[in-house]
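Survey of secondary and tertiary structure
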Amino acid sequence: MREMKLGNAQWEDLFEYLDLFEMYDHYIVVEVEATTAEILETFCNWMDTRCLRQVTLALEQVEGLEVHPYPLPYRGDKVGAKRSCRCGYFYGMRFVPGVY
């Protein structure tokens with residue numbers, strides 16, 4: 001996005017495939033678990049629209065920390081767990097050298 005503002009990139013560059021797990025060495029994971037798929041879907045929708053934006057804004061305020069939210073949640077099931085429905089959200093993190 002920074003390159004877009006500077007005029008050094010095109011719109012299609014903004015939608016290129018991104019491998020967050022190759023770009024960053026550190027991550028924060030916000031994981032959500034529910035007892036039913038319906039409850040999980042409701043909560044994940046709330047996370048997508050409200051909570052994650054606030055987490056991103058808060059992390060961006062930390063001096064010396066670059067944060068990059070992955071745009072899609074992962075979905076999965078825990079075998080044999082009471083709460084078998086879950087999803088998670090990843091944030092790639094990089095610490096700016098010289099700040100800490």
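Residues numbered from 1 in each chain as written. Predicted model: local features only at pLDDT ≥ 70, side-chain atom pairs only at ≥ 80, totals over all residues. Heavy atoms only, no water.

**Points about the packing of aromatic side chains**
Per the counting criterion, the structure on display carries four aromatic pairs. Ring centres of phenylalanine 21 and tyrosine 27 lie 5.4 Å apart, and the angle between their planes is 40 degrees; on these two criteria the pair is classed as tilted. Exposure remark for phenylalanine 21: the relative accessible area of 42% places this residue in the partly exposed category. With relative accessibility at 29%, the residue tyrosine 27 sits in the partly exposed group. Centroid distance phenylalanine 21 to tyrosine 70: 6.1 Å. Interplanar angle 40 degrees. Geometry classified as tilted. With phenylalanine 21 in helix H3 (residues 20–23) and tyrosine 70 in the loop between strand S2 (65–69) and strand S3 (74–77), this pair connects stretches of sequence that are 49 residues apart. What makes tyrosine 70 partly exposed here is its relative accessible area of 25%. Of the aromatic side chains, those joined through ring pairs into one cluster are Phe21, Tyr27, Tyr70 and Phe90. (Phe/Tyr/Trp six-rings, centres within 6.5 Å; stacked < 30°, edge-to-face > 60°. Buried < 20%, exposed > 50% of the residue type's maximum accessible area, 1.4 Å probe, protein only. Helix = DSSP H or I, 4+ residues; strand = E, 2+ residues; numbered from the N terminus.)

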